[in-house]
Amino acid sequence: MTTTAENPIFQIEKNYGQSIWMDNLSRTLIESGELKELIQTRGICGITSNPAIFEKAIAGNAIYDTDIEAGIRAEKSVMEIYESLVFEDISNACDIFKPVYDETNGLDGYVSIEVPPTIAKDTQSTISEAQRYYQAIGRENVMIKIPGTPEGLPAVEQAISEGINVNVTLLFSVESYVETFWAYIRGLEKRAAEGKDISKIASVASFFLSRIDSKVDAKLEEKSAASDDPNLTAKLKGIEGKVAIANAKIAYQKYKEIIQSDRWKALSAKGAQVQRLLWASTSTKNPAYSDVMYVDELIGPNTVNTLPPNTIEACADHCSPESRIETGVEEAYQTINSLNDPDVNINLSQVMDELLDEGIVKFVKPFDSLISSLESKVKLLATV
């Protein structure tokens, strides 16, 4: 195993300006001291959570039972018990990351918590929950996750204007990312117009990767299987596993364009932090691909990569640090354009819309499942 000094994650952060966050959180991780250790030995400088992560953490884990019993005695509802468990984990994680937040002057050290996925298409409820979550947790290094749906973006703008740090999640298309950055800008402009400080607000735009390749690859394979033309098969094969990274590289070019705009420069002069692109869904789903391809290919300044534990260990072992976010940009545009080739004919906008809808479902299902398993546990513990 690599030593801390040799660990590629530290090199990525120190030499290339990319922060590595972890996509995982549980009370066991916090109370065992493992989270603190990961900060020291793996260079983790932030953490993200979502309903699927909390379902794994809470369901069937006795570590939460004492607090669940306390909630029962206090006659809390199942939803109130759920929130008390999650808010405590998030608050404690924020405290563990506070030194990172202080050392980086508020660049890193954030812990993300998602508003209930069931309200992803309800602007007003999203705003209310973002406000409530931010106040309840009461930590300056908490980030509220809001889905980048058309209904979510006005909530992003409002939350930013109120000084709430926001992680905009479930971004797939370049267009939705661009809209997200402008929502951030409008929120900052609104706050600045009120004469309030904008220098302490942070935001990231979580741009999803592996799910794009999984969906596009499946379509390409289907077309290959239906064809007996070896040239077409070769053409289709040549696109596999390349769309997500190409899409991300184009998004980064859009980021560079926006920070050159007069509106952004005016905010920057008032101390505003850029909204960094965060690469999400970075575990490789296809075993034929490198297990660190969504790390190695997208290293670059002013970005974040959030990795699940297995990918963190893989990266610490064999990532190859080098700034690649702006290499092969021309090829990236060609890859995306190749989907419009009449022989290929894959509608990327439609794919992105499907992924967004599926992404919401992928968070709603474990959220509902978690509440259901918590209800069962409450009934069980209430009779003990």
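Just above sits the structure.
Residues numbered from 1 in each chain as written. Predicted model: local features only at pLDDT ≥ 70, side-chain atom pairs only at ≥ 80, totals over all residues. Heavy atoms only, no water.

Counting residues in each nonpolar core, the largest one holds 131 residues, and the members touching the most others are L35, I90, I144 and F207. Broken down by element, the residue count for this core peaks at 14 residues, all from helix α17 (residues 348-382). Not counting residues within four places of it along the chain, the set of residues in contact with I144 comprises I113, V115, A130, Y133, Y134, I164, N165, V166 and N167. (Core = buried A, V, L, I, M, F, W, Y, C linked by side-chain atoms within 4.5 Å. Buried < 20%, exposed > 50% of the residue type's maximum accessible area, 1.4 Å probe, protein only. Helix = DSSP H or I, 4+ residues; strand = E, 2+ residues; numbered from the N terminus. Contact = heavy atoms within 4.5 Å.)

A positive phi is found at N105, a non-glycine position, where the angle reads about 55 degrees. Structurally, N105 can be placed in the loop between α6 (78-103) and β3 (110-114). Owing to a relative accessible area of 69%, N105 belongs among the exposed residues under this scheme. Of note in the backbone geometry, N302 takes a positive phi value of approximately 60 degrees without being a glycine. With respect to the element layout, N302 can be found in the loop between α14 (293-296) and β8 (303-307).

This next bit is on the packing of α6 against helix α7 (residues 123-137). Closest axis-to-axis distance for the α6/α7 pair is 10 Å, and the angle between their directions is 60 degrees. In terms of axis orientation, α6 runs oblique to α7. Relative to α7, the crossing made by α6 is right-handed. Of the residues in α7, those in contact with E83, F87, I90 and S91 of α6 are E129, R132, Y133, A136 and I137. Class assignment of the residues belonging to the contact of α6 with α7 gives a composition of 5 nonpolar, 1 polar and 3 charged. (Axes fitted to C-alpha atoms, helices over the stretch in contact; angles between N-to-C directions. Parallel < 35°, antiparallel > 145°, perpendicular 65-115°, else oblique. Left-handed = near helix turned anticlockwise from the far one by under 90°. Nonpolar A, V, L, I, M, F, W, Y, C, P; charged D, E, K, R; others polar.)

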